[in-house]
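Architecture at a glance
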Amino acid sequence: MASIFIFFYFRQLRCTRITIHKHLFISFIIHNIVWIIHDTVIPSSPNTLNENGWACRLFHIFIRYILVCNYFWMFNEGLYLHTVLVFSFAKTEVLLKVFYVIGWGLPIIVAVSYGIVRALDPNENLKCWINAGRYLMVLAVPVVISLLANLIFLCNIVRVLITKMRATNTREDHHTRKAVRATLILVPLLGLQYILFPFRPEEATAGANVVFAYDIASAVFTSLQGLFVSLIFCFFNGEVREIFDRNVKQYISMHEMPVISGMYRQRQSRSGPSRSRSASVMKNGRAAHRESDDAHTDMTDITDSV
């Protein structure tokens, strides 16, 4: 929630890249809220389960819709980053419209298809669809395809990143460290950790212990993904931190707070020339991004976010 507030509050952060981040974070928030409501309300109400009303089944479809939206916005993150790094002259205004269709539009088709085929099966149209059911593959296939596409994007992004770093004539071990760091940063953003746990195993075949371990691991990854992404791409991001510091400094100077202002300037001076150079680089990067969504700005965000 804090990262969403930061992205919406500061006008300097309004660009295609941040817009995609905002929609991904919104899908995280909605997904968690609807699952909390579902798990606390429906299973604890036997009458609702037995009645199997249209409202609870429609809510189930909406949950699946948000789930697919979540994965498709991860796909949008990978598609955008791959596009601006490989095709530097892509028109981001057109891309953003495509991302809206992919992120919020295509999941409607997937969720409605799932709802129709399940509603037409009398054996699966029971108890508010609280069980996974045999038609989960209708949802799983497009999700797995999006994850595999992100894996391909990641491999190509790292390849392009290493190629551009080698052009700077720096040491090979430096290239390797930056490539590894970029990979680790992009894994939670693109949702690639889910490749390790694509499907929930059946208890009858895998055993109760395996299913329990899967549930724990899946819950941990799902719960912490939003935190990791917000930390890396919001709170630890150099551009966001610089804008936040600049606004704090402006607020202090406008409200004539000499004591706090002196402490703030003292902290800034202790950071040394390196911080000034870093701020200069970030300003130049932002200027280029405002003009053409330059690919080098996104590459800097990947390698310098942590």
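Anyway, here's the lowdown on the structure attached to this text. Predicted model only: the values in this text are computed from it and were never measured. (Residues numbered from 1 in each chain as written. Predicted model: local features only at pLDDT ≥ 70, side-chain atom pairs only at ≥ 80, totals over all residues. Heavy atoms only, no water.)

Side note on the overall build of the chain
Looking only at helices and strands, the chain has 13 helices and zero strands in total. Looking at the chain residue by residue over its 306 residues, the buried ones come to 42%. In the chain, once contacts between residues fewer than 6 apart in sequence are set aside, the share between residues at least 24 apart is 73%. Of the roughly 16,900 Å² that the chain leaves accessible, carbon and sulfur atoms contribute 67%. (Helix = DSSP H or I, 4+ residues; strand = E, 2+ residues; numbered from the N terminus. Buried < 20%, exposed > 50% of the residue type's maximum accessible area, 1.4 Å probe, protein only. Contact = heavy atoms within 4.5 Å. Areas by Shrake-Rupley, 256 points an atom, 1.4 Å probe, with all protein chains shown as cover.)

A closer look at the packing of aromatic side chains
One pass over the full model with this rule turns up six aromatic pairs. Between F75 and F153 the ring centres are 5.8 Å apart and the planes differ by 35°, which places this aromatic pair in the tilted class. In this pair, F75 sits in helix α4 (residues 54-86) while F153 sits in helix α6 (residues 137-166), placing the two residues 78 residues apart along the sequence. F75 sits in the buried class, given a relative accessible area of 17%. Feature note: the residues W73, Y100 and W104 constitute an aromatic cluster, connected by ring pairs. (Phe/Tyr/Trp six-rings, centres within 6.5 Å; stacked < 30°, edge-to-face > 60°.)

Considerations on the state of the cysteines
With the rule as written, the count across this model stands at one disulfide. The side chain of C56 participates in a disulfide bridge whose partner is C128; the two sulfur atoms lie 2.0 Å from each other. Sign of the S-S torsion, about -85° for the bond between C56 and C128, identifies this disulfide as left-handed. Residue C56 is found in helix α4, and its partner C128 is found in the loop between α5 (92-119) and α6; the two are separated by 72 residues along the sequence. Accessibility expressed as a relative area gives 9% for C56, which makes it buried. (Disulfide = S-S within 2.5 Å.)

Things to note about the side chain of H21
Residue position: H21 is located in helix α2 (residues 16-41). A polar side-chain atom of H21 sits 2.7 Å from a polar atom in the side chain of E77. Excluding residues that lie within four positions of it along the chain, H21 makes contacts with F7, E77, L189 and F233. (Polar contact = N/O pair within 3.5 Å; in protein donor to acceptor, adjacent residues only side chain to side chain.)

A short note on the packing of helix α1 (residues 2-9) against α2
Running from N to C, α1 and α2 cross one another at 150°; their axes reach a closest spacing of 10 Å. In terms of axis orientation, α1 runs roughly antiparallel to α2. Pair α1 / α2 crosses with left-handed handedness. Note on element contacts: α2 touches α1 through I18, H21, K22, F25, I26 and I29, opposite S3, I4, F7 and F8. Partitioning the contact of α1 with α2 into residue classes produces seven nonpolar, two polar and one charged. (Axes fitted to C-alpha atoms, helices over the stretch in contact; angles between N-to-C directions. Parallel < 35°, antiparallel > 145°, perpendicular 65-115°, else oblique. Left-handed = near helix turned anticlockwise from the far one by under 90°. Nonpolar A, V, L, I, M, F, W, Y, C, P; charged D, E, K, R; others polar.)

Here we look at the packing of α5 against α6
The N-to-C vectors of α5 and α6 enclose an angle of 155°; their axes lie 9 Å apart at closest approach. When the axes of α5 and α6 are compared, the pair comes out roughly antiparallel. The element α5 and its partner α6 pack so that their crossing is right-handed. Residues V110, A111, S113, Y114 and V117 of α5 pack against V138, L139 and P142 of α6. Residue classes in the contact of α5 with α6 are distributed as seven nonpolar, one polar and no charged.

Details of the nonpolar core
L13, L24, F99 and L186 are the most contacted members of the largest nonpolar core, which has 48 residues in total. Only α1, α2, α4, α5, α6, α7 (172-190), α9 (208-235) and α10 (238-254) provide two or more residues apiece to this core. For this core, the element with the highest residue contribution is α4, accounting for eleven residues. In this structure, I61, Y65, C69 and A111 belong to the second largest nonpolar core, which totals six residues. (Core = buried A, V, L, I, M, F, W, Y, C linked by side-chain atoms within 4.5 Å.)

Things to note about the environment of L151
With respect to the helices and strands, L151 occurs in helix α6. For L151, a relative accessible area of 34% puts it in the partly exposed group. Here the alpha-carbon distance between L151 and L192, two residues 41 residues apart in the chain, equals 6.8 Å. Apart from residues lying up to four places away in sequence, L151 is in contact with L192 and I195.

So, the pattern of salt bridges
As enumerated under the stated definition, the model contains three salt bridges in all. With a shortest N-O distance of 3.9 Å, R134 and D121 are connected by a salt bridge. On the criterion of sequence distance, the pair formed by R134 in the loop between α5 and α6 and D121 in the loop between α5 and α6 is long-range, its members being 13 residues apart. Judged by its relative accessible area of 9%, D121 is buried. Residues E124 and R134 are paired through a salt bridge, measuring 3.4 Å at the closest nitrogen-oxygen approach. Taken together, the residues E124 in the loop between α5 and α6 and R134 in the loop between α5 and α6 connect sequence positions ten residues apart. On the accessibility criterion, E124 (13% relative accessible area) is buried. Residue R134 is classed as exposed on the basis of its relative accessible area of 53%. Three or more residues joined by partner-sharing salt bridges are found here, namely R118, D121, E124 and R134. (Salt bridge = Lys/Arg side-chain N within 4 Å of Asp/Glu carboxyl O.)

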